Amino acid sequence: MLYDLSGEANMSPIVGMLYSVVKENSQRLHSITAGMSQEEVDYKGPHRQYNSTAQLIRHITYVDLNWVYRIKGEPLPQSLKDRYGPMMDEHQQLPMIEGVSWNKLTSTHGDVLDMLRDACTQLTDADLSSVVVFGHDQEKEATIRWGLWHIADHCRYHQAHINQLRKWYGLRAGVIDPSSLS
């Protein structure tokens, strides 16, 4: 398998390269979570004190969706906020999710990445310098270039959490030998 960041044929060069980073991280997310049982997808770590893989994938999906609409220069429709959100619950935590299958979570994330791909085909490299606002109170500014990088970085960041959950789950289930972790 050849790893490259050449982008899509119908995207401008830099947009395509940034999109390919997002795409690669999405593929990695799907590969590191493939084969998880429903119990593992819902597992919240020792003492149920961490975000589950389901919560993290839903969060990644919602963040990505928000960036798609920022890139398009359009407000996120309420119907999509209702379907994919909210960003945080009333306790400022990721919303609780249980019983949503890995297939559904990754399929939904794939749908959002398809929207991102479509939005990227409309961008030129010059558009990457356009500034958008983001943050819980729209208090931050970033270029679209940074936003595309952030989508990839954010996904990769939470993959580390998922990998830790997988280790804990494997130890709990007796699938991983504790001595192999030293």
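Scroll up to find the structure this text is about.
These numbers were taken from a predicted model, which means no experiment stands behind them.

**Regarding the nonpolar core**
Point 1. Residues Leu65, Trp67, Ile71, Leu116, Cys120, Ile144 and Leu148 are the most contacted members of the largest nonpolar core, which totals 29 residues.
Point 2. For this core, the secondary-structure elements that each account for two or more residues are helix 1 (13-33), helix 3 (53-72), helix 4 (78-84), helix 5 (102-121), strand 1 (131-134) and helix 6 (144-173).
Point 3. In this structure, Leu29, Met36, Val100 and Tyr169 belong to the second largest nonpolar core, which totals 18 residues.

**Notes on the pairing of strand 2 (residues 140-143)**
Point 1. Strand direction decides the pairing type here: strand 1 and strand 2, joined by 4 bridges, are antiparallel. Considered in strand 2, the bridge of Val132 is made with Ala142.
Point 2. Between the end of strand 1 and the start of strand 2, which pair antiparallel, lie 5 residues, with Gly135 showing a positive phi angle near 110°.

**A closer look at helix 3**
Point 1. For helix 3, with 20 residues, the first-to-last C-alpha span of 29 Å sits near the 28 Å given by 1.5 Å per residue.
Point 2. Where helix 3 terminates, the next one or two residues include Gly73, which has phi positive at roughly 75°.

**Points about unusual backbone geometry**
Point 1. The omega torsion of the bond from Gly85 to Pro86 falls at 0°, within 30 degrees of zero and hence cis.
Point 2. With respect to the secondary-structure elements, Pro86 resides in the loop between helix 4 and helix 5.
Point 3. With a phi angle near 60°, His47 is a residue other than glycine that sits in the positive phi range.
Point 4. Judged by relative accessible area, His47 falls into the exposed class, the value being 73%.
Point 5. A positive phi angle, near 50°, is found at Arg48, a position not held by glycine.

**Things to note about the pattern of salt bridges**
Point 1. Scanning the model with the defined rule gives 7 salt bridges in all.
Point 2. A salt bridge links Lys72 to Glu74; the shortest N-O distance between them is 4.0 Å.
Point 3. Residue class for Lys72 comes out partly exposed when judged on its relative accessible area of 38%.
Point 4. Its relative accessible area of 42% is what places Glu74 among the partly exposed residues.

Analysis parameters
- Residues numbered from 1 in each chain as written.
- Predicted model: local features only at pLDDT ≥ 70, side-chain atom pairs only at ≥ 80, totals over all residues.
- Heavy atoms only, no water.
- Core = buried A, V, L, I, M, F, W, Y, C linked by side-chain atoms within 4.5 Å.
- Buried < 20%, exposed > 50% of the residue type's maximum accessible area, 1.4 Å probe, protein only.
- Helix = DSSP H or I, 4+ residues; strand = E, 2+ residues; numbered from the N terminus.
- Pairing = 2+ DSSP bridges.
- Expected span 1.5 Å × (residues − 1).
- Salt bridge = Lys/Arg side-chain N within 4 Å of Asp/Glu carboxyl O.

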